[in-house]
Amino acid sequence: PGVLYPTPGEDDDGHGTSVAGIIASEAGNGIGGVGVAWGATLTGVNILSHPSFRDGSAFADELFLASIRHAANFDIMSNSWGYDAYFPEFLNRADAGSFGTQIEAAFGHVVQNGRDGLGTLVVKAAGNDAINSNGEGFSGSRFIIDVAAVDPAGQVTYYSNYGTNILVSAGAAEVSTDLMGLPGYGNAIGSAGDYTVDFGGTSAATPVVSGVIALMLEANENLGW
């Protein structure tokens, strides 16, 4: 009650659609590309732009935290979002009352309770500001796999955040699915507009790692977080 749920297709932001395609684009259908873990199933929560998460109210904050805790129902939580690490005050984990501390506690719930106690894997983008990603306080959490981005030559991209919290890097995949038609990244007419060659950032590197983890869990479902 009181929560607004979006109508499919009403948002022209293709970010989540491109992330999803990198993880699990369908194989064998003769169109587009193939996801890293093409047999995986996905769900999504639009915390980036849906107004229910963005009105600055206490309810919006709790809804945000509840959406993280809900990830305990899944094997992997892939997070291609973040806060501006230039302004870390409200994300300071040294402050017991900070929002960053609450986010970390929600991730802690996920790794403690997910996968029947083996732990949901939490993967998160390090950010694209070419600064220390520890400024986004909860990114230093031990519950998170922080992902930086590399280019096709395996070199760190010019924009990728860095820091002692980075666990792994991955290629920033540029080709993926897009919103159908003109919305999203690709604005070509017809089916060509359903794909993009312009995605990128640590947001694109993170789903690569999430897809690899999905394959690891397929090979050995008893791995802990």
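Quick caveat: nothing in here was measured; it's all calculated off a predicted structure.

What counts and how
- Residues numbered from 1 in each chain as written.
- Predicted model: local features only at pLDDT ≥ 70, side-chain atom pairs only at ≥ 80, totals over all residues.
- Heavy atoms only, no water.
- Helix = DSSP H or I, 4+ residues; strand = E, 2+ residues; numbered from the N terminus.
- Rg over C-alpha atoms; globule rule 2.2 N^0.38 Å.
- Buried < 20%, exposed > 50% of the residue type's maximum accessible area, 1.4 Å probe, protein only.
- Contact = heavy atoms within 4.5 Å.
- Axes fitted to C-alpha atoms, helices over the stretch in contact; angles between N-to-C directions.
- Left-handed = near helix turned anticlockwise from the far one by under 90°.
- Nonpolar A, V, L, I, M, F, W, Y, C, P; charged D, E, K, R; others polar.
- Pairing = 2+ DSSP bridges.
- Right-handed = clockwise from strand over helix to strand, strands pointing away.
- Parallel < 35°, antiparallel > 145°, perpendicular 65-115°, else oblique.

**Notes on the overall build of the chain**
The number of helices and strands found in the chain is four helices and six strands. Taken from N to C terminus, the helices and strands of the chain fall in the order α-α-β-α-β-β-β-β-β-α. Rg of the C-alpha trace for the chain: 17 Å, near the compact-globule value of 17 Å for 225 residues, within the 12% margin. For the chain, the spread of C-alpha atoms along the three principal axes comes to 50 × 40 × 40 Å.

**Quick look at the side chain of serine 210**
Note on placement: serine 210 falls in helix α4 (residues 202–219). Using a relative accessible area of 2% as the deciding quantity, one classes serine 210 as buried. Those residues within four positions of serine 210 in sequence are excluded, and the remaining contacts are Ile23, Ile76, Ser78 and Val123.

**Re the packing of helix α1 (residues 15–24) against α4**
The geometry of α1 relative to α4 is characterised by a closest axis approach of 8 Å and an angle of 35° between their N-to-C directions. Here α1 and α4 pass one another in a crossing that is right-handed. Contacts between α1 and α4 involve His15, Val19, Ile22 and Ile23 from the first element and Ser203, Ala204, Pro207, Val208, Ser210 and Gly211 from the second. Considering only residue class, the contact of α1 with α4 consists of six nonpolar, four polar and no charged.

**Focus on the pairing of strand β2 (residues 121–125)**
Of all five residues making up β2, five are buried, and the element is well covered by its neighbours. Here β2 shows a buried face lined by Leu121, Val123 and Ala125 and a second buried face lined by Val122 and Lys124. Bridging between strand β1 (residues 76–79) and β2 involves four bridges; their strand directions are parallel. Directly across from serine 78, in β2, lies its bridge partner valine 123. For the crossover from β1 across helix α3 (residues 99–113) to β2, the handedness is right-handed. Note that β2 and strand β3 (residues 144–150) share four bridges and pair parallel. Within the sheet, the bridge partner assigned to alanine 125 lies in β3 and is valine 147.

**Description of the pairing of β3**
Both faces of the sheet carry side chains from a regular strand, because those side chains alternate between them. The buried fraction of β3 amounts to seven of the seven residues, a majority that puts the element mostly inside the structure. Neither face of β3 is open: one carries Ile144, Asp146, Ala148 and Val150, the other Ile145, Val147 and Ala149, and all of them are buried. Sheet topology places β3 next to strand β4 (residues 166–171); five bridges connect them, and they run parallel. Its bridge partner lying in β4, valine 150 is registered against glycine 171.

**So, the sheet that holds β3**
Reading across the sheet, the four strands line up as β1-β2-β3-β4 and stay open at both edges, with parallel pairing between neighbours. Strand pairing shows two members of the sheet lacking a second neighbour, β1 and β4, which therefore form its edges. Across the sheet, the mean angle separating the axes of adjacent strands is 30° when strand polarity is ignored. Contacting β1, β2 and β3, α3 runs over the sheet at an angle of about 145° to β2.

**Considerations on the packing of helix α2 (residues 58–69) against α3**
For the pair α2 and α3, interaxial distance at closest approach is 8 Å and the crossing angle is 25°. If you check the angle between α2 and α3, you find them roughly parallel. Note on packing geometry: the crossing formed by α2 with α3 is right-handed. Only Phe99, Gln102, Ile103, Ala106, Phe107, His109 and Val110 of α3 make contact with α2, whose side of the interface consists of Asp61, Phe64, Leu65, Ile68 and Arg69. Of the residues assigned to the contact of α2 with α3, the class counts are eight nonpolar, two polar and two charged.

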